[in-house]
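The primary structure of each chain is shown beneath.
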Amino acid sequence: MSDMTSPSAADHPEGAERLSEERREAMRGEPPFVEAPTTDSRLVRSLKEAGITAGLVALLTLFFFLFRTDIAVGGLALSLDPVTWIVAIAIAFVGRFLLSFFVFAGERPSVGGWKKVAAATARWPIGKALGAILLLVALTLPFLLSTFLPSQNRYLLDLAILILTYVMLGWGLNIVVGLAGLLDLGYVAFYAVGAYSFALLATNFDLGFWVCLPMAGLFAALWGIVLGFPVLRLRGDYLAIVTLAFGEIIRVVLLNWYDFTGGPNGVLGIPKPTLFGLEFSRGEGSFSDFFGISYSPVQRFVFLYYIILALALLTNFVTMRMRKLPVGRAWEALREDEIACRSLGINTVNVKLTAFATGAMFGGFAGSFFATRQGFISPESFTFIESAIILAIVVLGGLGSQLGVVIASVVMIGGIELLRNLTGLQAIFGAGFDPTQYRMLIFGLAMVLIMVWKPRGLVSTRSPSAVYKEKKTIGADLVAQGEGH
Amino acid sequence: MEYFLQQLINGVTLGSIYGLIAIGYTMVYGIIGMINFAHGEIFMIGSFIALAVFLALAAIGITFLPLVILLMIIVAMLCTAAWGWTIERVAYRPLRGSFRLAPLITAIGMSIFLQNFVQVTQGARVKPLPPQIQGGLTLMDSPSGIVVQISWIQIIIIAMTVVLMTAFSLIISRTSLGRQQRACEQDRKMASLLGVNVDRTISLTFVMGAALAAVAGMMFLLYYGVIDFYIGFIAGVKAFTAAVLGGIGSLPGAMLGGLAIGLIETFWSGYFSVEYKDVAAFSILAIVLIFMPSGLLGRPEVEKV
């Protein structure tokens with residue numbers, strides 16, 4: 001067509017210019033006109049979206065709900081379960097329809113991505129009050145439990161110990177990730193080092209918990225430096241993946257070094273902690289004997305609870321004090337801008353290594369507490385999933401926020417643990433329904449949902465550590481933490 | 001010598017599988033700069049779908065092997081691609097433009113979710129599949145009694161990898177989709193200003209990566225004959241190592257890195273110890289990142305202030 005209109009092919013322009021000329025020709029000089037797209041009514045649109053979602057869910061779950069591979073006599077067998085599949089599709093359809101019809105009912109903006117930067121607002125110091133209340137509850141928890149819930153005392157106390165262990169680990173990792181901005185996916189390595197150094201020292205040299213605790217912390221800190229040194233130049237995601245590799249290496253070595261660590265059998269017979277030499281057991285020289293009270297196994301749990309509470313509070317205290325020291329300031333400066341740090345003469349090597357070492361030390365403390373609580377450790381307890389859980393707690397809580405770590409631990413660890421008690425659901429899903437099976441499933445889903453809902457974490461405002469004249473909270477969108485650069 | 005050759009063949013086969021997974025990592029990292037932690041799980045899902053398809057076909061009486069394999073590939077690629085798309089849509093797209101740690105956390109969350117989803121729906125026990133493709137070519141039959149053999153399944157794996165790699169490179173270098181992907185990789189904002197649908201391009205990148213991972217998963221199933229819900233993690237980390245080793249963001253690099261990791265792992269198990277083969281792979285990752293952060297074929301990162 002263009003050949004006919006142009007006088008000769010010789011002076012015809014090439015490439016893009018020619019294309020645009022052809023297009024103009026084709027439109028015969030008219031301005032481009034596009035018909036406005038017809039808009040469906042809300043009901044039709046919702047139905048369409050629901051249909052698409054249901055179709056997608058059908059495709060996704062086709063080989064997971066409908067077909068199930070089982071090990072049978074002559075190899076593998078396939079069983080069909082169309083009910084679950086159809087129910088899943090129906091749930092997806094109805095859920096999406098309701099969401100589209102009622103929640104996303106408003107006109108969607110065609111251009112997204114612009115967000116208002118929250119102004120720095122002076123708020124009621126809810127964080128401080130909440131922190132104080134939580135501390136008070138934590139301090140009196142054993143008494144509260146024995147008064148109000150004596151039947152489940154031991155179970156809940158054990159759960160509290162577990163949560164506090166994660167709080168402590170979270171606070172320890174917060175130094176590395178939240179303050180210094182070094183993304184560490186192998187934090188469990190230091191936890192393992194602490195646990196194994198205590199367990200091996202205690203079983204080989206007959207040392208007690210309180211002697212080994214500082215040594216375990218020291219070893220872990222040493223490992224923090226050893227593993228931190230090679231990765232000094234790395235940033236962001238690369239750092240994450242190398243620390244992950246280190247964590248896995250330590251686990252594989254623990255698993256295969258039979259003579260030293262006992263391999264997959266782990267270390268048995270780790271001693272329990274004592275209170276100034278008083279054991280928490282029956283008989284002569286025990287705690288109950290010394291104070292002349294009747295023996296109860298709960299006493300040991302209460303003691304363990306106070307140990308981990310003290311350790312966790314120590315972590316918090318040290319972190320808060322460190323933030324006010326030059327090295328803490330340097331950590332936060334490093335997180336914000338490494339190049340600026342270097343140009344201001346901060347020794348980034350030392351700053352990074354102190355962050356790694358301090359974080360690792362608290363991980364080591366927590367590890368030796370874990371060993372003494374369990375009485376038995378094996379490499380199975382130190383898989384990558386633990387690192388992921390700890391990092392998730394730190395990030396979900398809001399990087400760098402101490403209170404956030406507590407809230408995230410309670411929500412994630414405690415909330416997941418609650419699933420164990422949901423045996424009432426068996427009435428709905430049949431007797432074969434085991435809620436604990438879904439623990440990690442829901443954990444993973446919760447991680448995704450909380451992150452999508454609040455990308456900055458549950459506690460997203462920060463109070464600055466350096467203050468000039470008056471204190472202002474920093475809005476979530478101005479917090480550049482953990483950018484990893 | 002014969003032993004060496006045999007290990008070489010095994011290493012190249014393993015490396016092909018790693019390479020196919022590594023492409024997914026390298027493309028996603030190149031285009032949005034995040035580690036798609038759930039990619040290993042995508043690979044695992046691909047192998048489970050392939051297994052289910054195989055059993056379903058056997059149940060309705062289709063046992064003609066080439067047809068079975070073809071159907072396995074097509075269905076596994078399709079369904080796994082749907083998973084890849086959904087994961088991107090649900091877990092990563094809402095967080096685009098958020099700070100860098102957020103998508104990493106959702107990726108880890110997704111990975112945990114997918115692992116447990118498969119565990120709950122398909123059971124925690126390993127699924128053994130008896131070898132379907134027997135026999136092979138004997139390349140060398142030395143008097144010492146060591147036979148160098150390349151089995152048919154190894155030939156299929158290597159050939160399929162070569163074909164897929166070639167097709168993929170052509171897509172990236174010749175088609176308009178590939179051009180859009182390269183544009184997004186260089187500068188996402190500029191690409192969107194010039195009319196590239198960035199969200200669609202990123203989605204398609206996930207879809208393509210997932211489809212390749214599905215093929216890798218199917219080949220893993222046929223080659224090793226044993227899968228469980230946990231295979232994705234280790235394979236994922238190793239494939240990521242391969243992507244980093246080859247230079248992240250570079251397609252030939254991913255393949256080269258995959259081969260290198262496969263060979264290192266095979267030779268390490270063949271000559272040193274099987275227990276520490278993972279340590280070897282992870283140490284390589286650490287050493288490469290520390291001394292050669294841009295990998296074998298990657299571009300060095302320029303630091304702008």
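Predicted model only: the values in this text are computed from it and were never measured. (Residues numbered from 1 in each chain as written. Chains lettered and ligands numbered in written order. Predicted model: local features only at pLDDT ≥ 70, side-chain atom pairs only at ≥ 80, totals over all residues.)

### Structural notes on the overall build of chain A
Okay, so step 1: Each helix and strand in chain A was counted, giving 19 helices and 2 strands.
Okay, so step 2: When contacts within chain A are restricted to residue pairs at least 6 apart in sequence, long-range pairs at least 24 apart make up 73% of them. (Helix = DSSP H or I, 4+ residues; strand = E, 2+ residues; numbered from the N terminus. Contact = placed C-beta atoms within 7 Å.)

### Some words on the overall build of chain B
Okay, so step 1: The secondary structure content of chain B amounts to 11 helices and 4 strands.
Okay, so step 2: The 305 residues of chain B split such that 53% are buried.
Okay, so step 3: A fraction of 75% describes how many contacts in chain B between residues 6 or more apart in sequence connect residues 24 or more apart. (Buried ≥ 20, exposed ≤ 12 C-beta atoms within 10 Å, placed from the backbone.)

### A few points about the environment of Leu159 of chain A
Okay, so step 1: Here Leu159 of chain A lies in helix H6 (residues 153–179).
Okay, so step 2: Spatially, the C-alpha atoms of Leu159 of chain A and Ile413 of chain A are 8.6 Å apart, while their sequence positions differ by 254 residues.

### Thoughts on the interface of chain B and chain A
Okay, so step 1: Facing the 55 residues of chain B at the interface are 56 residues of chain A.
Okay, so step 2: Residue assignment for the side of chain B that touches chain A shows that the elements contributing at least two residues are helix H2 (39–59), helix H3 (65–92), helix H4 (101–122), helix H9 (231–246) and helix H11 (277–291) of chain B.
Okay, so step 3: Residues of the side of chain B that touches chain A, tallied by class, amount to 40 nonpolar, 10 polar and 5 charged. (Nonpolar A, V, L, I, M, F, W, Y, C, P; charged D, E, K, R; others polar.)

### Some points on the domain arrangement of chain A
Okay, so step 1: Taken as a whole, chain A is organised into domain 1 (42–103) and domain 2 (129–380).
Okay, so step 2: In this structure, domain 1 of chain A and domain 2 of chain A have C-alpha centres spaced 43 Å apart. (Domains from an automatic or database assignment.)

### Considerations on the nonpolar core
Okay, so step 1: Of all hydrophobic cores here, the largest spans 226 residues; its most connected members are Val242, Ile308 and Ala392 of chain A together with Ile49 and Ala76 of chain B.
Okay, so step 2: Two domains each put at least three residues into this core: domain 1 (42–103) and domain 2 (129–380) of chain A.
Okay, so step 3: Once you skip the residues sitting within four places of it in the chain, Ala392 of chain A turns out to touch Met412 and Met447 of chain A together with Ile105, Ile108 and Gly109 of chain B. (Core = buried A, V, L, I, M, F, W, Y, C linked by C-beta atoms within 7 Å.)

### Describing the packing of H6 of chain A against helix H16 (residues 384–397) of chain A
Residues and elements named next belong to chain A.
Okay, so step 1: Direction vectors running N to C along H6 and H16 enclose 70 degrees, while the axes themselves pass 9 Å from each other. In this view, H6 runs roughly perpendicular relative to H16, as classed from their interaxial angle. In this structure, H6 contributes Tyr166, Leu169, Gly170, Leu173, Asn174, Val177 and Gly178 to the contact, and H16 contributes Ile390, Leu391, Ile393, Val394 and Gly397.
Okay, so step 2: Its residues placed into classes, the contact of H6 with H16 shows 8 nonpolar, 4 polar and no charged. (Axes fitted to C-alpha atoms, helices over the stretch in contact; angles between N-to-C directions. Parallel < 35°, antiparallel > 145°, perpendicular 65-115°, else oblique.)

### Quick look at the confidence of the model for chain A
Residues and elements named next belong to chain A.
Okay, so step 1: Considering every residue of chain A, the mean pLDDT works out to 79; 79% of them sit at 70 or more.
Okay, so step 2: Highest mean pLDDT in chain A belongs to helix H15 (residues 348–374) (91); lowest belongs to helix H1 (residues 2–5) (48).
Okay, so step 3: Scored below 50 in pLDDT, residues 1–6 makes 6 contacts in the model with residues more than four places away or belonging to other chains. (pLDDT = per-residue confidence, 0-100.)

### Looking at H2 of chain B
All names here are of chain B.
Okay, so step 1: Helix length check: H2, at 21 residues, gives a terminal C-alpha distance of 30 Å against a target of 30 Å (1.5 Å per residue), a fit within 8%.
Okay, so step 2: Burial within H2 is extensive, with 17 of its 21 residues counted as buried.
Okay, so step 3: Phi for Gly61, located one or two positions after H2, is positive at around 95 degrees. (Expected span 1.5 Å × (residues − 1).)

### Topic: the UniProt feature "transmembrane region" (unreviewed entry) in chain B
Residue and element names in this part refer to chain B.
Okay, so step 1: Per the UniProt record, "transmembrane region" (unreviewed entry) is annotated on residues 12–35, 42–62, 68–87, 99–118, 146–172, 202–223 and 280–298.
Okay, so step 2: Taken end to end, residues 68–87 has its terminal C-alpha atoms 28 Å apart, with 100% of it in helix and 0% in strand.
Okay, so step 3: Helix makes up 90% of residues 99–118 and strand 0%, and the two end C-alpha atoms of the span are 30 Å apart. (UniProt positions renumbered as here; feature names shortened; annotations may be inferred.)

### Points about the environment of Arg68 of chain A
Okay, so step 1: On the secondary structure map, Arg68 of chain A appears in strand S1 (residues 67–72).
Okay, so step 2: With residues up to four places along the chain from it excluded, the contact list for Arg68 of chain A reads Ser79 and Asp81 of chain A together with Thr121 and Gln122 of chain B.

### Observations regarding the packing of helix H1 (residues 2–32) of chain B against helix H10 (residues 251–271) of chain B
All names here are of chain B.
Okay, so step 1: Here H1 crosses H10 at 140 degrees, and the two axes come no closer than 6 Å. Judged on the interaxial angle alone, H10 and H1 are oblique. For the pair H1 and H10, the crossing hand works out as right-handed. (Left-handed = near helix turned anticlockwise from the far one by under 90°.)

### Here we look at the confidence of the model for chain B
Close inspection of predicted coordinates is inappropriate for parts of the model with low pLDDT.
All names here are of chain B.
Okay, so step 1: Summary statistics for chain B give a mean pLDDT of 86 and a share of 97% for residues scoring 70 or more.
Okay, so step 2: When pLDDT is averaged over each helix and strand of chain B, the minimum, 73, is found for strand S2 (residues 136–141) and the maximum, 92, for helix H8 (residues 198–224).
Okay, so step 3: If you check the scores for this complex, the pTM reads 0.84 and the ipTM reads 0.86.

### Thoughts on the pairing of S2 of chain B
Residues and elements named next belong to chain B.
Okay, so step 1: Judged by how many residues are buried, S2 sits mostly at the surface: 0 of 6 residues are covered.
Okay, so step 2: Two elements, S2 and strand S3 (residues 147–151), share 5 bridges in a ladder whose sense is antiparallel. The residue bridging Asp141 from the neighbouring strand is Val147, located in S3. (Pairing = 2+ DSSP bridges.)

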